[in-house]
Every structure is written in C-alpha cells, then in structure tokens.
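The primary structure of each chain is shown beneath.
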Amino acid sequence: MSTSITHDADAGRFTLLIDDERAGSLDYSRGDGRVAITHTYTDPAFRGRGIAAELAVRALAEDPGLPIVAACPYVAHWFAQHPERAHLLAGA
C-alpha cells in the first residue's frame, strides 16, 4: 500500500492518496498573514486511519511562520488534543 500527499497551492488543498485513490483532503486559504484551515474530509472507507491528522500535520509544515486559524472543527479538535502546538494558532 502506497501513501502520498499532493499539494495544489492554487486550489488551497492537500490531498492524501492511498494506492492512487483519494482518501482525504484538507482545504485552506492564505490571507492577512495567516493560514485558515477551512475543511478536512476523509472518505468513509478510509476513516479511523489517522488521515485527517496526517493532513493537518502536513499543512502545518507548509508555512511554518504563519499563524493558523482553525476554522475547521476537526482541526480545532486536533489542536485541543495537541496543546504542545497551540503556539501555532493565531491569537495564541
């Protein structure tokens, strides 16, 4: 089983592929010196495998100096579960 993450900066989307099948995606937008993560999605067939978390970690690594706005409920929950990364949030 091969896993890869693609990044379409023009669309503001990271997509995680498992054996070339879209397993999940994370949407974001940049503006005002921030990155707003607006939506995560995991295909029901792939849920429970940590795909959304993997996408969140990848998105956080993309713009290491920009504060994050957790506009997506999953990402807000992810930050609550990882308080060691709360300093990355806008307004933190």
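Residues numbered from 1 in each chain as written. Predicted model: local features only at pLDDT ≥ 70, side-chain atom pairs only at ≥ 80, totals over all residues. Heavy atoms only, no water.

**Q** Please explain the side chain of Asp-63 as it appears in this structure.
**A** Residue placement: Asp-63 occurs in the loop between helix 1 (51–62) and strand 5 (68–70). Polar contacts involving the side chain of Asp-63 include one to the side chain of Arg-30, which spans 2.6 Å. In contact with Asp-63, not counting residues within four places along its chain, are Arg-30 and Val-35. (Helix = DSSP H or I, 4+ residues; strand = E, 2+ residues; numbered from the N terminus. Polar contact = N/O pair within 3.5 Å; in protein donor to acceptor, adjacent residues only side chain to side chain. Contact = heavy atoms within 4.5 Å.)

**Q** What is the right way to look at the sheet that holds strand 5 in this model?
**A** Backbone hydrogen bonds are what pair the strands of a sheet, in a parallel or an antiparallel way. Strand order in the open sheet made by the 5 strands is 1-2-3-4-5, with mixed pairing throughout. At either margin of the open sheet sits one strand with a lone partner, and together these are strand 1 (3–8) and strand 5. Between one strand axis and the next, the sheet turns by 25° as a mean value, whatever way the strands run. The pairing of strand 3 (residues 21–31) with strand 4 (residues 34–42) spans 8 bridges and is classified as antiparallel. (Pairing = 2+ DSSP bridges. Axes fitted to C-alpha atoms, helices over the stretch in contact; angles between N-to-C directions.)

**Q** What am I meant to see in the confidence of the model for the protein here?
**A** Atom-level detail of predicted coordinates should not be read off regions where pLDDT is low. In the predicted model, the protein carries a mean pLDDT of 95, and the fraction of residues at 70 or more is 99%. Ranking the elements of the protein by mean pLDDT puts helix 1 last with 95 and strand 2 (residues 13–18) first with 98. (pLDDT = per-residue confidence, 0-100.)

**Q** Explain the packing of aromatic side chains here, please?
**A** For any pair of aromatic rings, geometry is given as the distance between the ring centres together with the angle between the planes. Per the counting criterion, the structure on display carries 2 aromatic pairs. For the pair Phe-14 and Tyr-28, a centre-to-centre distance of 5.5 Å together with 35° between the ring planes defines the contact as tilted. With Phe-14 in strand 2 and Tyr-28 in strand 3, this pair connects stretches of sequence that are 14 residues apart. Residue classification places Phe-14 among the buried residues on the basis of a relative accessible area of 1%. Here Trp-78 and Phe-79 contribute two aromatic rings whose centre-to-centre distance is 5.2 Å and whose plane-to-plane angle is 85°, an arrangement assigned as edge-to-face. The same class applies to Trp-78 as to Phe-79, namely buried. (Phe/Tyr/Trp six-rings, centres within 6.5 Å; stacked < 30°, edge-to-face > 60°. Buried < 20%, exposed > 50% of the residue type's maximum accessible area, 1.4 Å probe, protein only.)

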